[in-house]
Each structure stands twice: as structure tokens, then as C-alpha cells.
Amino acid sequence: TPRAEGAGGGEDEDEDDDVEMAPAAGNQAPHGIVVQVLSLGAGSVRLSWLFDWATAPSELADEAWAERRYEVVQRMEENGQEIRHLPTAHPELLLQVPVGHRYAFSVHAVLVNTQGAGAGDPGIVW
């Protein structure tokens, strides 16, 4: 069963229900996180969220090299094992997760330095 975390923590979800998180005051993390279980048998999950980029530091966000991205961390609740997904530019991510486990997801808004970032290094500056 997936669990979503953003500003303000997470909530458990029934297998066929969506979870929506309310934004926190002074929000600097994505909010309005929705987890949709698309297929119980296949482990298909869709995450979507909102973020107000006006809360990002303008001295970094206004730079030509700064790209707005989101980093998603998937954590298996039984053993704490984490999978960090490559930063995505879109506020939505489709995942295939192994069935029969509980997961927690956290989403972080990040600014990526596109100058000099290698293939294995996303160049996250915020």
C-alpha cells in the first residue's frame, strides 16, 4: 500500500483510494500529492503533485543554468530500503513497484545545474 509524503507528512491509503495531501503554510515542498494505484496485480502506481516555484530562492531559480525538477524517493517500509528516481521535469511519475509490500514516497522540488552535470550526477543545487 503506498504512502505519500510531502509537506506535512503522509497518510496511509486503502488499496483502491487516492490520497491527497493538503499544503502546509509557507510551503517549500511539493503539496497536493496524489497516489493512484493503477493495478494491484502489476504494481502500477501514479504519483502527481503541485509545487509553487515562487518559494524557490530567486538567486538560483533565475539563473539560465537552473532547471526546475522533482526528485522522488521511494522507500520500502519493511526494511527502509530507498530508491531515488532521477529528477523529472514533470509533476507526475508512473512507477512499477514489486507487489506485496508497503511503500512510502517523498517528493522534493530541486533546482538542477545544467552546466557540467554528468550522466550520473544530476547537479542538484537546491
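Residues numbered from 1 in each chain as written. Predicted model: local features only at pLDDT ≥ 70, side-chain atom pairs only at ≥ 80, totals over all residues. Heavy atoms only, no water.

1. Observations concerning the overall build of the chain
Here is the rule we go by: Only DSSP runs of H or I with at least four residues qualify as helices, and only runs of E with at least two residues qualify as strands; both kinds are numbered from the N terminus onward. Buried means the residue's accessible area, taken with a 1.4 Å probe over protein chains only, is under 20% of the maximum for its type, while exposed means over 50%, and partly exposed covers the values in between. Two residues form a contact once any of their heavy atoms are found within 4.5 Å. Values of accessible area rely on a 1.4 Å probe in the Shrake-Rupley scheme; residue burial ignores everything except the protein chains shown.
From N to C terminus, the chain includes one helix and nine strands. Its helices and strands taken in sequence order, the chain reads β-β-β-β-β-α-β-β-β-β from the N to the C terminus. Across the 126 residues of the chain, 40% fall into the buried class. Partitioning the intrachain contacts of the chain with sequence separation of at least 6 by distance along the chain shows that 52% fall at a separation of at least 24. A total accessible area of about 7000 Å² is found for the chain, and carbon and sulfur atoms account for 47% of it.

2. Looking at the environment of Ile-33
Summarising the element assignment, Ile-33 is placed in strand 4 (residues 31-39). C-alpha of Ile-33 to C-alpha of Glu-92: the two residues are 59 residues apart in sequence and 9.6 Å apart in space.

3. Quick look at the pairing of strand 6 (residues 66-76)
Going by this rule: When DSSP finds at least two bridges between two strands, those strands are taken to pair.
Where strand 6 meets strand 9 (residues 103-113), 11 bridges bridge the pair, whose relative direction is antiparallel. Counterpart to Arg-68 in the pairing with strand 9 is Leu-111. Pairing of strand 6 with strand 7 (residues 82-88) involves five bridges; the strand directions are antiparallel. Within strand 7, the position partnered with Gln-74 by the bridge is Ile-83.

4. A short note on the packing of aromatic side chains
Just so we agree on the cut-off: Two aromatic rings, drawn from Phe, Tyr or Trp (for Trp, its six-membered ring), form a pair once their centres lie within 6.5 Å of each other, and the interplanar angle then sorts them: stacked below 30 degrees, edge-to-face above 60, tilted otherwise.
Going through the model one piece at a time under the given rule, you end up with five aromatic pairs. Aromatic rings pair up to connect Trp-49, Phe-51, Trp-53, Tyr-70 and Trp-126 into one cluster.

5. Some thoughts on the nonpolar core
We apply this condition: Side-chain atoms within 4.5 Å link the members of a nonpolar core, which is a set of buried Ala, Val, Leu, Ile, Met, Phe, Trp, Tyr and Cys residues.
By size, the foremost hydrophobic cluster in this structure holds 20 residues, and its most contacted members are Leu-47, Trp-49, Trp-53, Tyr-70, Val-72 and Phe-105. Secondary-structure elements contributing two or more residues to this core are strand 4, strand 5 (44-50), strand 6, strand 8 (92-96) and strand 9. Broken down by element, this core gets its largest block of residues, five residues, from strand 9. Excluding residues that lie within four positions of it along the chain, Trp-49 makes contacts with Pro-30, His-31, Gly-32, Ile-33, Tyr-70, Val-72, Thr-88, His-90, Pro-91, Glu-92, Leu-93 and Val-107.

6. As for the pattern of salt bridges
The test is simple: Here, a salt bridge means any side-chain nitrogen of Lys or Arg that lies within 4 Å of a carboxyl oxygen of Asp or Glu.
Applying the stated criterion to the full structure yields four salt bridges. With a shortest N-O distance of 2.3 Å, Arg-69 and Glu-67 are connected by a salt bridge. On the basis of relative accessibility, which here comes to 23%, the residue Arg-69 falls in the partly exposed class. A residue is classified by how much of its surface remains accessible, and Glu-67, at 31% relative accessible area, is partly exposed. Connected via shared salt-bridge partners are Glu-71, Glu-82 and Arg-84.

7. Quick notes on the pairing of strand 4
By the bridge criterion, six bridges tie strand 4 to strand 5 in an arrangement that is antiparallel. Looking at the pairing, Val-37 lines up with Val-45 of strand 5. Between the antiparallel neighbours strand 4 and strand 5 lie four residues, among them Gly-43 with a positive phi of about 75°.

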